[in-house]
Amino acid sequence: MSENINPEEIRKDFSDVESQVVDTVPAEEAPVAEPAQAEETAPAAQAENLADKSLAELSEMFVQLKDSAERMSRSKEAEAIKSAFYKLLGRLKGESGVSEEAESSQDNPFEAVEQNFKALYADYKKERAEFNKEQDARREENLAKKQAIIEELKALVEGQEDVSSQFPAFRELQNRWREAGPVPATAFRDINDTYQFYVEKFYDMVKINRDLRDLDFRKNLEAKQAFCEAAEKLADNENVVSAFHELQKLHEQWKEYGPVAKEYRDDIWNRFKAATAVVNKRYQAHFEGLKEQQADNLVKKTELCERTEAVAAREIKNTAEWNAASKEIEDIQAAWRRIGYATKKDNQKIYDRFRAACDAFYTRKREFYSGIKDSMNDNLEKKLALIEQAEALKTSTEWKKATDQFIALQKQWKEIGAVPRKKSEALWKRFRAACDEFFTARDANAGGENDYYGNLRAKRKVVEDIQAYASAGDAAADETAMREFADRWAAIGHVPFKEKDAVNKAFRDAMQEKFPSYGAQRGSGAPRGGRAPRSPKDLLIEKYNKLQQNITTYENNIGFFSASKNSAPLIRQMEERIEQAKAELKELEAQIRKAEEGEA
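In this text, all values refer to a predicted model and were calculated from it rather than measured experimentally.

A residue-level look at the protein chain finds 81% of positions with pLDDT of 70 or above and a mean pLDDT of 78. Confidence drops under a pLDDT of 50 for residues 1–45, and excluding neighbours within four residues, the segment shows 73 contacts in the predicted structure. Between residues 523–532, whose pLDDT stays under 50, and residues either more than four places distant or in other chains, the model counts 18 contacts.

Written as structure tokens, this is what we have:
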């Protein structure tokens, strides 16, 4: 058939072929992609979604990723989870006061979860390395295949006078080329440029008949129509970034196909270019929207920085205020995590500002609780000194003198604040043992003026008489009876140590039941021995001072509890007591002012 081709027709055909050899996107019309921005933004958005996760949730997410079939293609997601995990772990360690040198799980409560995640990540990293090694080897194999295809194509072009007879072999080489798969990135441009060179040279030299050429054109047209349809569907893809990347793949595939007939060339390209423009427009609009959102996020994060800096600079005097401020900081941090990224140029700056404000707050908090720790150590020394005195005194047989000394030691013990939790119980047991040993020996040797069991019987008789008392409704008579009962009680000596608390409680309960006014006086000491009753103002002041002491004790307890795990309920209970006591203080202040006005 080729023998009858007119030379002029051949030249015309060659001209048509040459003009359609590389029917790809002209450089000046090629879509402008922004892959760097897309690659940067997608992991950033994912990191924002991970910011609210706990260590356990992040570990579980990594396990699910590691077990998924597509795990090797999700390496960026794996790195994002790893980054979020160690950022959160570092923050929690800092807030919990865990040092970098902590070696035991007792000193580092995060050791188990950290080691578990580290093992998971190491397994994944090893598997990923093996996968990448296999992929690199496969790309090298593909490169060798494509190099061999080029050598065959070169021989096809240079070794035949009538290249048209080799068109089926040429088509087979093209199919093998497309099926060969990806090659190393460093060789991609050279290998493709070389391939395109020989493809174009083949078309330049080909002397095929019109039927074969038209068949080739039709196949190329069908393939490019399919690319147009795929590109047009991408306009409906809700994931704009994913659609953009898919479009880039279509453009790469478009370039691998040869020309189409001249009458379809402009139409097919314009159709593909129009679909490309729609995807690109949505892509650009997506990032414009992101920029607006990021600018709004910057405003919100700036406001949170200002709030954090205000809290960090606030004067805080006690543990209750520190706990309230900590809760405020935690709420701000939670709000921060719910806000997305700020603008690219300001994101790191605003984060550094926020982190600096948080660090300043927690540094001051650590210094405050360090002071409490020093106070506890000082209290420890004081209690050890009392224990030594009690142990030196426990064998004394000067019962009256030693009893008074023990009572004084017990009073001092109660006035000393909290000590480190790990030593508190042991110290108390040691002190109580010394007291018990002395009072047991004292009670066993009681006699004469030290008839403790006789005193116990006498005090029980007073309680029985109080309980038997019947008021006649005369307030003066009741006041006199109350004083007499109090005087009788005060005149009786010590009772056995183990019975002291029980009999004293029975006396107070009986007096309170029969004489309601006794409850208001016993805080300052019930009238005894003819001692004049204290004024209402004095009683109010004494109650006020007692409440202030209670608040100090509660605050010390909070500092003590904060060093232990699972202490949140106890801390809340102490805080509630503090708030209640403060409310009572305000009422007492008003009552005291009113009493002072009455005295004036």
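Moving on from the coordinates now.
This part is about the environment of Val-279. Mapping Val-279 onto the fold places it in helix α10 (residues 262–313). The spatial distance from the C-alpha of Val-279 to the C-alpha of Lys-233 is 9.7 Å, given a sequence separation of 46 residues.

Right, let's get into the packing of aromatic side chains. The relation between two aromatic rings is expressed through the spacing of the ring centres and the mutual angle of the planes. Applying the stated criterion across every chain, the model contains 29 aromatic pairs. Here Trp-269 and Phe-272 contribute two aromatic rings whose centre-to-centre distance is 6.2 Å and whose plane-to-plane angle is 50°, an arrangement assigned as tilted. Of the two residues, Trp-269 and Phe-272 both sit in helix α10, three residues apart, roughly one turn of that helix. Each member of the pair, Trp-269 together with Phe-272, is buried.

Now for the nonpolar core. Of all hydrophobic cores here, the largest spans 20 residues; its most connected members are Phe-406 and Phe-431. Contributions of two or more residues to this core are made by α12 (344–393), α13 (399–415) and α14 (421–444). Among the elements that line this core, the one with the most residues is α14, at six residues. Leaving out residues up to four positions away in the same chain, Phe-406 has contacts with Ala-390, Leu-393, Lys-394, Ala-434, Cys-435, Phe-438 and Phe-439. With 19 residues, the next largest nonpolar core counts Leu-55, Met-72, Ala-78 and Ala-80 among its residues.

As a further point, take the pattern of salt bridges. For the structure shown, the criterion picks out 29 salt bridges. With a shortest N-O distance of 3.5 Å, Lys-249 and Glu-246 are connected by a salt bridge. Note that Lys-249 and Glu-246 are positioned in helix α9 (residues 240–256) at a spacing of three residues, about one turn of the helix. Since its relative accessible area comes to 32%, Glu-246 is described here as partly exposed. Arg-355 is the salt-bridge partner of Asp-359, the closest N and O atoms lying 3.2 Å from each other. Highlighted residues: Asp-359 and Arg-355, both in helix α12, separated by four residues, approximately one helical turn. Accessibility expressed as a relative area gives 38% for Asp-359, which makes it partly exposed. Residue class for Arg-355 comes out partly exposed when judged on its relative accessible area of 22%. A single salt-bridge network, built from bridges that share partners, covers Glu-70, Arg-74 and Glu-77.

Take helix α4 (residues 75–96) next. Over its 22 residues, α4 runs 31 Å from end to end, which matches the ideal 32 Å to within 8%, given 1.5 Å per residue. Every buried residue belonging to α4 is among Ser-75, Ala-78, Ala-80, Ile-81, Ala-84, Phe-85, Leu-88, Leu-89 and Lys-93, and all of these are buried.

On the secondary structure map, Leu-143 appears in helix α5 (residues 111–158). Sequence separation between Leu-143 and Pro-182 is 39 residues, and the spatial gap between their C-alpha atoms is 7.8 Å. Here Leu-143 is in contact with Val-183, Pro-184, Ala-187 and Ile-191, once residues within four sequence places are set aside.

Taking 1.5 Å as the rise per residue, α9 with 17 residues should run 24 Å; its terminal C-alpha atoms sit 25 Å apart, in good agreement. Within the sequence span of α9, burial applies to Val-240, Val-241, Ala-243, Phe-244, Leu-247, Leu-250, His-251 and Trp-254. At the N-terminal boundary of α9, the capping side chain belongs to Asn-239, with an oxygen 3.3 Å from the backbone nitrogen of Val-241.

Criteria and thresholds
- Residues numbered from 1 in each chain as written.
- Predicted model: local features only at pLDDT ≥ 70, side-chain atom pairs only at ≥ 80, totals over all residues.
- Heavy atoms only, no water.
- pLDDT = per-residue confidence, 0-100.
- Contact = heavy atoms within 4.5 Å.
- Helix = DSSP H or I, 4+ residues; strand = E, 2+ residues; numbered from the N terminus.
- Phe/Tyr/Trp six-rings, centres within 6.5 Å; stacked < 30°, edge-to-face > 60°.
- Buried < 20%, exposed > 50% of the residue type's maximum accessible area, 1.4 Å probe, protein only.
- Core = buried A, V, L, I, M, F, W, Y, C linked by side-chain atoms within 4.5 Å.
- Salt bridge = Lys/Arg side-chain N within 4 Å of Asp/Glu carboxyl O.
- Expected span 1.5 Å × (residues − 1).
- Polar contact = N/O pair within 3.5 Å; in protein donor to acceptor, adjacent residues only side chain to side chain.

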